[in-house]
Amino acid sequence: MAQPLVKKDDDRDDEADYSPFLGIEKGAVLQEARVFNDPQLDPRRCSQVITKLLYLLNQGETFTKVEATEVFFSVTKLFQSRDIGLRRMVYVMIKELSPSADEVIIVTSSLMKDMTSKTDMYRANAIRVLCRITDGTLLTQIERYLKQAIVDKNPVVASAALVSGIHLLQTNPEIVKRWSNEVQEAVQSRAALVQFHALALLHQIRQNDRLAVNKLVTSLTRGSVRSPLAQCLLIRYTSQVIRESANNTQTGDRPFYDFLEGCLRHKAEMVIFEAARAITELNGVTSRELTPAITVLQLFLSSSKPVLRFAAVRTLNKVAMTHPMAVTNCNIDMESLISDQNRSIATLAITTLLKTGNESSVDRLMKQITNFMSDIADEFKIVVVEAIRSLCLKFPLKHRSLMNFLSNILREEGGFEYKKAIVDSIVILIRDIPEAKESGLLHLCEFIEDCEFTYLSTQILHFLGIEGPKTSDPSKYIRYIYNRVHLENATVRAGAVSTLAKFGAMVDALKPRIFVLLRRCLFDNDDEVRDRATLYLNTLGGDGAVVETGEDVKEFLFGSLDIPLVNLENSLKNYELSEESFDIDSVPKEVKTQPLAEKKAPGKKPTGLSAPPTGPPSTVDAYERLLSSIPEFANFGKLFKSSAPVELTEAETEYAVNVVKHIFDGHVVFQFNCTNTIPEQLLENVTVIVDASEAEEFAEVATKPLRSLPYDSPGQTFVAFEKPEGVPAVGKFSNMLRFIVKEVDPSTGEAEEDGVEDEYQLEDLEVVAADYMLKVGVSNFRNAWESMGADCERVDEYGLGPRDSLAEAVNAVINLLGMQPCEGTEVVPSNSRSHTCLLSGVYIGNVKVLVRLQFGIDGPKDVAMKLAVRSEDEAVSDAIHEIVASG
Amino acid sequence: MILALLFANSEGNILVERFNGVPAEERLHWRSFLVKLGADNLKGVKNEELLVASHKSVYIVYTVLGDVSVYVVGKDEYDELALAEVIFVITSAVKDVCGKPPTERLFLDKYGKICLSLDEIIWKGYMENTDKDRIRRLVRLKPPTEF
């Protein structure tokens, strides 16, 4: 019956009215499912009911445990039917229901029967179902059949078993690994798909064995792989092998490059592309290697298939980041892609062009982009804006036209994220390109005249307050700022008042006029705005006398609040009204290390749309500020080094504690980061009792207890030790967490009055020589080594005894010294018998140290090492030898 | 991993929705994201003309087929090229089952067969079969002809 394809006509309207699933309801379908129990099965009817059940499940409907069990049991009855179509439906249904472990037993015998059936297709499907619902114990029972199935002459059966193997590898790796020989055989199969699946499984089984993967790749790249899919896999595995053996090549030729290059001439586009991409991603790829790959990608750019165009331009986009010159040949093709219907392709083309373009082509490019911007969605526009920002930083001379472009698009319609990206870009350009400052600030001023986003307005006002007073004519910004006080909501008005005050504080000439404006704000109908105006008038001396603004006032206006707002909020919530006023110094300054929820689910990877978790900033700067804010430690001098946190508790314990070792010239401070993971407890007066009996040179001088440690809100307690000045003293410390624990009522969140003193044993902690060494790299080791000179050089040889491998020995020495490996010399090529490793660092007392390590390994794995140290001080060179000798 | 496969009708109602390795709480998010993507871009697109998008490390390839739109989402080894392959298999299997690019009604009429075909094509996030003739035979529990 011939029907028009998708024309909207009367027939079709009629059709749509009678959806076979119109008004479908779960309860009714479950009732219908009782036909599965009929003694005389009607296969057609049963298939229809299963279809309805599938429809429900595919719509996102869920069955309760009871419903699922009931349906499952009835479905198992259908194994009695000999109808082939119905049997196929039954297989799908069982997989969809994924029965629980205690129910699986009901179908195992039926499935096992099918698995050994003479009908190939029963075997294949039964394997897939069994593997879907099976657990480890059942798997050992059917393992024999699965191994047979892998080498079954029917490709469907073999594929079913192989793909099952890929899935089972996640749950029962030790069983699947035993199938290696069968899988190896299947890789040689004549059926393309079997080969593909077998190769994928074999690689997964062996992925941790570099030598085996290397062998696999070597043999397959010589032979012929039939399936293009398998060929793609092989290319991926090959590039992995190339990456790992990168350091092994003495000659200029890269192993397997010829294979990759050969794949560029394959007949399947998929393979060509895969090879081209693999080549572009090679480490340190040369332009000679790159050329053939770029050529095929260029051909793809004009392909009629959007997917190929997208793939090609995406790859070229990546290449452009590292080798912009290599991509310039494709510029003409990419320019034609700017008008591509698919906006993803157009955006990638634009951003690639922005990277490869030279200074002279910027203006032409901007013209093209202007036309293009009006018809793409915000998320693409953001990408373009970011590309333009980096282009501007690359060609600062072009700031005028690029800044104009940004200000033009800022005036057009757009959502918050887009506007924010533009504003951020302008701000960055103002900061980095001094000539762009004044025009940029004016663009921002114009923008806030008509800005619908409170957040952006306040951010810009804040920025204006900092940058505006430093310009040649600050007075021209006042009008824009004061307009906000008339026209905007309270949040923006308050921001504008603060900005005005900043101008007043910085520019004495403007002060009287600013006072007039601020006084007008005293009658604002919002209390925050009035409060701010009053506060600033008083601090700036607005009672008439125009005086020089004091330093402390400037500090108050421009200084940053170096307390994380989250911590301040928490402290304010915990603060109870009492005689004692709130003390801002009691707010912890350490950024919360990790929210508890994330810790508990480490296996959960961010998939899709969720943003990646952002790491806390744990720089030396942050530590230095934190420590200098504690009066007890203020006179310890400059912080030399802070170690990475060392865990003192196992994961998933009641109290999580890690320690950061802060090294000063004459002191060591242990910062214990504690987290209470029990909602029903509040800990108070938390300290760590540190026993230094195995660290003779250390004497405890101060402790700073943690007043309160509520649930899931990390806090710190500190212990400080004195040690001989400038001496790299080492020792071992045992630690005990001591605290008063109070029960918390989970319903009200209130803690009981009385607490009990308790202790909790922590793991030991060591201060080692590496703690006195800063990892500071040098860009050119040879130059640094030569210029250091041999005056304070010390050379000696050491036997390191039997070691597992050379790499292990090298790592051990690097960790012992705590120095920065240079020029990638920490990587030891597999199978090498000797290795040279270059290290650099700064030793306590700010003495630069360079180390050259030469390792050799002989037959019974005995490792010998020659250590050459150069530094600015021979005592330090000796000290390094001392560390190695005693380590 | 093929993270999601979605069929929707022209009004954006879901006909088939299959997720692999996507947490339950993110599924709704994906569903509305994909439907919106289709509503924004699929107007006037020819049958089986592929559109492609990427979001962070995730790729999306989608198209229309008769009255229904099809979306596949993948990551890692399932990049846009692999997904194009997947969607090609899916659309040809659906056309094969329905005999032509389906109307919504026809799609629902053949729902059971379509589910079986999808079961042969994607298995727990990995592509298993690629040839439509082979899939047609497998759905009927017949061994493939090449064998």
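Shown above is the structure to which this text applies.
Please read these numbers as outputs of a predicted model, since none were measured by experiment.

A. Representation of unusual backbone geometry. Look at Asn685(A): it is not a glycine, yet its phi comes out positive at around 50°. Position of Asn685(A) relative to the elements: it lies in strand β5 (residues 681-694). A positive phi angle, close to 65°, is found at Glu48(B), a residue other than glycine. Tracing the backbone shows Glu48(B) in the loop between α1 (24-41) and β3 (51-55).

B. Region of interest: the packing of helix α29 (residues 490-506) of chain A against helix α30 (residues 511-521) of chain A. Residues and elements named next belong to chain A. Contact geometry for α29 and α30: axes closest at 9 Å, N-to-C directions at 160°. Classified by the angle between their axes, α29 and α30 sit roughly antiparallel to one another. Seen from above, α29 lies across α30 with left-handed handedness. Only Lys511, Ile514, Leu517, Leu518 and Cys521 of α30 make contact with α29, whose side of the interface consists of Val497, Leu500, Phe503 and Gly504. Here the residues of the contact of α29 with α30 sort into seven nonpolar, one polar and one charged.

C. Quick peek at the interface of chain A and chain B. Facing the 63 residues of chain A at the interface are 60 residues of chain B. Linking chain A with chain B are 10 salt bridges. Close ionic contact of Glu120(B) with Arg88(A) constitutes a salt bridge, the shortest N to O distance being 2.7 Å. At the boundary of chain A with chain B, the tally comes to 17 residue pairs in polar contact (both at pLDDT 80 or more). Here the side of chain A that touches chain B gets eight residues from one element, more than from any other, and that element is helix α5 (residues 84-97) of chain A. In the side of chain A that touches chain B, the residues fall into 31 nonpolar, 18 polar and 14 charged.

D. Layout of the packing of aromatic side chains. For the coordinates displayed, the defined rule picks out 24 aromatic pairs over all chains. Their ring planes at 65° and their centres at 5.7 Å tell us that Phe633(A) and Phe718(A) sit as a pair that is edge-to-face. You can see Phe633(A) sitting in the loop between α35 (620-628) and β1 (641-642) and its partner Phe718(A) sitting in strand β8 (residues 715-722), a full 85 residues away along the chain. Comparing Phe633(A) with Phe718(A) shows no difference in burial state: the two are buried. Each ring, one from Phe107(B) and one from Tyr111(B), has its centre 6.3 Å from the other, and the planes form 80°; the classification is edge-to-face. An aromatic cluster is built from Phe21(A), Tyr55(A), Phe7(B), Phe107(B) and Tyr111(B), whose rings are joined through pairwise contacts.

E. Molecular detail of the pattern of salt bridges. Counting across every chain of the model gives 51 salt bridges over all chains. The partner of Asp119(B) in a salt bridge is Arg88(A), with the nearest N and O atoms 2.9 Å apart. With Asp119(B) in helix α4 (residues 111-121) and Arg88(A) in helix α5, this pair bridges two chains. By relative accessible area, Asp119(B) is classed as buried at 5%. Residue classification places Arg88(A) among the buried positions, given a relative accessible area of 0%. Measuring nitrogen to oxygen at the nearest pair gives 2.3 Å for the salt bridge that ties Glu793(A) to Arg870(A). Of this pair, Glu793(A) sits in the loop between α36 (781-788) and β13 (794-802) while Arg870(A) sits in strand β17 (residues 862-871), and the two are 77 residues apart along the sequence. Glu793(A) gets classed as partly exposed once you look at its relative accessible area, which sits at 23%.

F. Structural context of helix α2 (residues 80-98) of chain B. Residues and elements named next belong to chain B. If you check α2, its first and last C-alpha atoms are 26 Å apart, about what 19 residues at 1.5 Å a residue would give, namely 27 Å. Judged by how many residues are buried, α2 sits mostly within the fold: 14 of 19 residues are covered. With its phi angle positive at about 85°, Gly99 sits one or two positions after the end of α2.

G. Structural view of the side chain of Arg123(A). Residue and element names in this part refer to chain A. Among the secondary structure elements, Arg123 is positioned in helix α7 (residues 120-133). Here Arg123 falls in the buried class, since its relative accessible area comes to 16%. Ignoring anything within four residues of it in the chain, the contact list for Arg123 reads Asp114, Met115, Ser117, Lys118, Asp152 and Val157.

H. Structural detail: the sheet that holds β3(B). Residue and element names in this part refer to chain B. Read across the sheet, five strands follow the order β2-β1-β5-β4-β3 without closing on themselves; strand pairing throughout is antiparallel. Edge strands, defined here as strands with exactly one partner in the open sheet, are β2 (14-19) and β3. Between one strand and the next, the sheet's axes are offset by a mean angle of 15°, whatever the strand orientation. Looking at chain direction, strand β1 (residues 2-8) and strand β5 (residues 68-75) are connected through six bridges and run antiparallel. Within β5, the residue paired with Ala4 across the bridge is Val73. Against the sheet, α1 touches β1, β2, β3, β4 (58-65) and β5, its axis set at about 55° to β4.

I. Spotlight on the nonpolar core. With 246 residues, the main nonpolar core has Phe36(A), Ile369(A), Phe7(B), Ile90(B) and Phe107(B) as its most contacted residues. Apart from the residues lying within four places of it in its own chain, the contact partners of Phe36(A) are Leu41(A), Cys46(A), Val49(A), Ile50(A), Leu53(A), Ser74(A), Val75(A), Lys77(A) and Leu78(A). Core analysis: the second largest hydrophobic core is formed by 64 residues, Phe640(A), Phe698(A), Val828(A) and Ile880(A) among them.

J. Structural context of a negative patch on the surface. On the surface, Glu576(A), Glu680(A), Glu743(A), Asp745(A), Glu750(A), Glu752(A), Glu753(A) and Asp754(A) cluster together into a negatively charged patch. Inspection of the secondary structure assignment puts Asp754(A) in the loop between β9 (731-743) and β10 (756-761).

K. Inspection of the packing of helix α27 (residues 454-467) of chain A against α29(A) at higher detail. Residue and element names in this part refer to chain A. Where α27 meets α29, the closest approach of the two axes is 8 Å, and the angle between their N-to-C directions is 5°. Considering the angle they form, α27 stands roughly parallel to α29. Judged by residue contacts, Thr454, Ser457, Thr458, Leu461, His462, Leu464 and Gly465 of α27 engage Thr491, Val492, Gly495, Ala496, Thr499, Lys502 and Phe503 from α29. Looking at the contact of α27 with α29, its residues break down into five nonpolar, eight polar and one charged.

The rules behind each value
- Residues numbered from 1 in each chain as written.
- Chains lettered and ligands numbered in written order.
- Predicted model: local features only at pLDDT ≥ 70, side-chain atom pairs only at ≥ 80, totals over all residues.
- Heavy atoms only, no water.
- Helix = DSSP H or I, 4+ residues; strand = E, 2+ residues; numbered from the N terminus.
- Axes fitted to C-alpha atoms, helices over the stretch in contact; angles between N-to-C directions.
- Parallel < 35°, antiparallel > 145°, perpendicular 65-115°, else oblique.
- Left-handed = near helix turned anticlockwise from the far one by under 90°.
- Contact = heavy atoms within 4.5 Å.
- Nonpolar A, V, L, I, M, F, W, Y, C, P; charged D, E, K, R; others polar.
- Salt bridge = Lys/Arg side-chain N within 4 Å of Asp/Glu carboxyl O.
- Polar contact = N/O pair within 3.5 Å; in protein donor to acceptor, adjacent residues only side chain to side chain.
- Phe/Tyr/Trp six-rings, centres within 6.5 Å; stacked < 30°, edge-to-face > 60°.
- Buried < 20%, exposed > 50% of the residue type's maximum accessible area, 1.4 Å probe, protein only.
- Expected span 1.5 Å × (residues − 1).
- Pairing = 2+ DSSP bridges.
- Core = buried A, V, L, I, M, F, W, Y, C linked by side-chain atoms within 4.5 Å.
- Patch = residues over 30% accessible without salt bridge, like charges linked within 9 Å, V, L, I, M, F, W, Y side chains within 5 Å.
- Areas by Shrake-Rupley, 256 points an atom, 1.4 Å probe, with all protein chains shown as cover.
- Lys, Arg positive; Asp, Glu negative; His and termini not counted.
- Charge placed at Lys NZ, Arg CZ, Asp CG, Glu CD.

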